[in-house]
Amino acid sequence: MSRSSPGVRRVAAILNFIAEHPGQAFALTDLVRALKLSRATCHALLTGLVDVGYLFRTSDKTYVLGPALAAIGRTAAQHFSPLQVAQPEMRAIADEFDVVCAAYFLEGDTMHLRDRAASASHVGYPVPLGSRMPLRSGQAGVFFAWSPREAEAWLDRANPRPAPDRIELLDRSMAFAREHGFVALMRKPGYTWNSGAPDQYVPPAETDDLPVLPEVDLRADDYYPIAAMMAPVFEARDKVGFVLVMAGFHAAMTGAQIMAAGETLARACGRISDFLTDPATVAA
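Residues numbered from 1 in each chain as written. Predicted model: local features only at pLDDT ≥ 70, side-chain atom pairs only at ≥ 80, totals over all residues. Heavy atoms only, no water.

Before going further, it helps to examine the side chain of Ser 273. Residue placement: Ser 273 occurs in helix α9 (residues 255-277). Note on Ser 273: relative accessible area 7%, which makes it buried. Dropping the residues within four chain positions of it, Ser 273 is found in contact with Pro 232, Val 233 and Phe 234. (Helix = DSSP H or I, 4+ residues; strand = E, 2+ residues; numbered from the N terminus. Buried < 20%, exposed > 50% of the residue type's maximum accessible area, 1.4 Å probe, protein only. Contact = heavy atoms within 4.5 Å.)

Structure (structure tokens):
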């Protein structure tokens, strides 16, 4: 694995430290002490950062963030999208498992398909970008597993309200998501593959009775009619920003295969979450 330059790490440490203390100015001695840098090295780095406008040296010889860095931050805030980070992971998932990997955002009580990556066999996948569908209990577990109060609030306003057995299954799917990092959805009897082609798009149902249900009791050697897998991307601690969904599976899978694929999806979402919740990213 390649290693970053020590000089780059030191520059980043200075900028991150000052950014983490908004409204404060720091003298050379403050930064030397806090960052454990030599005085000569720290002074040289500070001088260079002032020269390019990333820091500003005040009249009392302290340092604050400079105008050039502020401009970069504004540009990043205006144009950055978490999907820029997610897209490479989505592409890798789609190609590895020969599926469609899609990013769904929850807007109110509606799931919004904002982006996707499709393997070669799914180029003509029928669900159009921008599609919106009402959130139903079978899909809700991955969105609410880390915020049970939001799940309760959603159930209170859900129309139609899920039946008691579906609410119990929602609770179990949330527990599964917290333990494993993903939820697996299975086709109900009568919902089959279309001669090996991508799944036909099912319009949003007017009831809670979707053609898929979460499966929370996977047995390693049994085969399951897998329809989709969902895993969360966090934008803050316990705050789901969006979910990645794998869909378009061509055949049934064993419980062991589902667990392996789901864990791969969860790890990809974890890498995206780590970037989005990293203090340096948030500060930018």
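Now that the structure has been shown, the text picks up again.
Taken together, the seven strands give an open sheet; going across it, the order is β6-β5-β4-β11-β10-β7-β8, and neighbouring strands pair in antiparallel fashion. In this open sheet, the two edge strands, each paired with only one partner strand, are β6 (132-134) and β8 (212-214). Going across the sheet, the axis of each strand differs from the next one's by a mean of 30 degrees, ignoring polarity. Sheet topology places strand β7 (residues 183-187) next to strand β10 (residues 226-236); four bridges connect them, and they run antiparallel. Bridging across to β10, Val 183 finds its partner in Met 230. Across the sheet, helix α5 (residues 82-97) touches β4 (100-107), β5 (110-118) and β11 (239-247), and the angle it forms with β5 is around 60 degrees. Strands β7 and β8 of the sheet are contacted by helix α8 (residues 164-180), whose axis makes an angle of about 55 degrees with β8. (Pairing = 2+ DSSP bridges. Axes fitted to C-alpha atoms, helices over the stretch in contact; angles between N-to-C directions.)

Counting along an α-helix, one turn takes 3.6 residues, and residues three or four places apart therefore face a common direction. When the terminal C-alpha atoms of helix α3 (residues 39-51) are compared, their 18 Å separation across 13 residues agrees well with the 18 Å that a helix rising 1.5 Å per residue should span. Those residues of α3 lying buried are Cys 42, Leu 45, Leu 46 and Leu 49. Considered in projection along α3, the buried side chains sweep an arc of 100 degrees and stay on one side of the axis. Opposite the packed face of α3, turned more than 90 degrees from it, sit the exposed residues Ala 40, Ala 44 and Asp 51. Where α3 is buried, its residues touch α1 (6-19), α2 (28-35), β2 (55-57) and β3 (62-65). Downstream of α3 by one or two residues, Gly 53 has phi in the positive range, about 85 degrees. (Expected span 1.5 Å × (residues − 1). Arc of directions from axis to C-beta.)

A sheet is described by the order of its strands in space; here three strands give the open sequence β1-β3-β2, paired in antiparallel fashion. The two strands at the open ends of the sheet, each matched to only one other strand, are β1 (26-27) and β2. Sheet topology note: the β2/β3 ladder contains three bridges and is antiparallel. Of the residues in β3, the one forming a bridge with Phe 56 is Val 64. Contacting β2 and β3, α3 runs over the sheet at an angle of about 105 degrees to β2.

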